[in-house]
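Descriptive structure summary
So the chains spell out like this:
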Amino acid sequence: MKLSETKMDEKVVSSFEETLQVCGILIYENEGDSMLPLIRQGRDKVIIVPKPEGRLKKYDVPLYRRDNGKYVLHRVMRVRTNDYVICGDNRWRCETGIGDQHIIGVLSGVIRKGKTIKTTDNWYRWYVRLWCWPFLLRRAIFMVREMVVRGWRRLKG
């Protein structure tokens, strides 16, 4: 994920955290394919708002910073007492150990072809239900796909 330095009221903003603090909103073009089919690199922009008070809910999409400094935008699959189980829509391996201290903001919408799809829109809610509900089936399909790709690469040399 890239963030160019932006001048806001003569302040130079250089991180996602600073942009959210100064502007109250962050809009940027996502890099990577981990949130396909919802967010596509080079086409869609995401709208991030500051982290809400309290805990996130299942299926929220937080922007968080891993301990290694990398920014990630993935979906909450399960809320646990001290952390979250998080996974990208185009991934089958979940990440654990992401706590509230890692969360910077939360997805509030996606801009596609100039139109904003808010996370409160019916279309988005249906997408989440259809895509996330059969996670175990999707996980099995992705695992098989990965094994086939690895086998094919070994055969090719």
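In what follows, the structure referred to is the one given above.
Summarised in this report is the structure supplied together with it. (Residues numbered from 1 in each chain as written. Predicted model: local features only at pLDDT ≥ 70, side-chain atom pairs only at ≥ 80, totals over all residues. Heavy atoms only, no water.)

A separate point is helix α3 (residues 135–156). The first and last C-alpha atoms of α3 sit 31 Å apart over 22 residues, in line with the 32 Å expected at 1.5 Å per residue. Buried within α3 we find Phe135, Arg138 and Phe142. Around the axis of α3, the buried residues are gathered within 60° of arc, so they sit on the same side. Turned more than 90 degrees away from the buried face of α3, the exposed residues are Leu136, Leu137, Met147, Val148, Arg154 and Leu155. The inward-facing, buried residues of α3 abut β7 (75–79), β8 (84–87) and α2 (122–132). (Helix = DSSP H or I, 4+ residues; strand = E, 2+ residues; numbered from the N terminus. Expected span 1.5 Å × (residues − 1). Buried < 20%, exposed > 50% of the residue type's maximum accessible area, 1.4 Å probe, protein only. Arc of directions from axis to C-beta. Contact = heavy atoms within 4.5 Å.)

So, on to helix α1 (residues 16–23). Among the residues of α1, Phe16, Thr19 and Leu20 are the ones counted as buried. All buried residues of α1 project into a common sector of 95° when viewed along the axis, lining one side.

What follows covers the pattern of salt bridges. Summed over the entire model, instances satisfying the criterion amount to 10 salt bridges. Here Asp33 ties to Arg91 by a salt bridge, and the two come within 2.7 Å at their closest N and O atoms. Of the two residues, Asp33 is situated in the loop between β3 (26–29) and β4 (45–50) and Arg91 in the loop between β8 and β9 (95–98); the sequence distance between them amounts to 58 residues. Residue classification places Asp33 among the partly exposed positions, given a relative accessible area of 36%. Among the residues examined, Arg91 registers a relative accessible area of 32% and is labelled partly exposed. A salt bridge links Asp83 to Arg80, with the nearest nitrogen and oxygen atoms 2.8 Å apart. It is possible to trace a salt-bridge network through shared partners that takes in Arg43, Asp44 and Arg112. (Salt bridge = Lys/Arg side-chain N within 4 Å of Asp/Glu carboxyl O.)

So, about the packing of aromatic side chains. Throughout the structure, instances matching the rule amount to 5 aromatic pairs. When the ring of Tyr124 is compared with that of Tyr127, the centres are 6.4 Å apart and the planes differ by 40°; the resulting orientation is tilted. One end of the pair is Tyr124 and the other is Tyr127, both in helix α2 and 3 residues apart, which spans about a single turn. Classification of Tyr127 as buried rests on a relative accessible area of 11%. Here the aromatic residues Trp123, Tyr124, Tyr127 and Trp131 are joined through ring pairs into a cluster of three or more. It is Arg129 that lies over the ring of Trp126; its NZ or CZ is 5.4 Å from the centre. (Phe/Tyr/Trp six-rings, centres within 6.5 Å; stacked < 30°, edge-to-face > 60°. Lys NZ or Arg CZ within 6 Å of the ring centre and 35° of its normal.)

Here the amide bond leading from Leu36 into Pro37 is cis, since omega sits at 0°, within 30 degrees of zero. Structurally, Pro37 can be placed in the loop between β3 and β4. Phi at Tyr59 takes a positive value of approximately 80°, unusual for a residue other than glycine. Mapped onto the secondary structure, Tyr59 falls in the loop between β4 and β5 (62–65).

These figures come from the coordinates and say nothing about function on their own.
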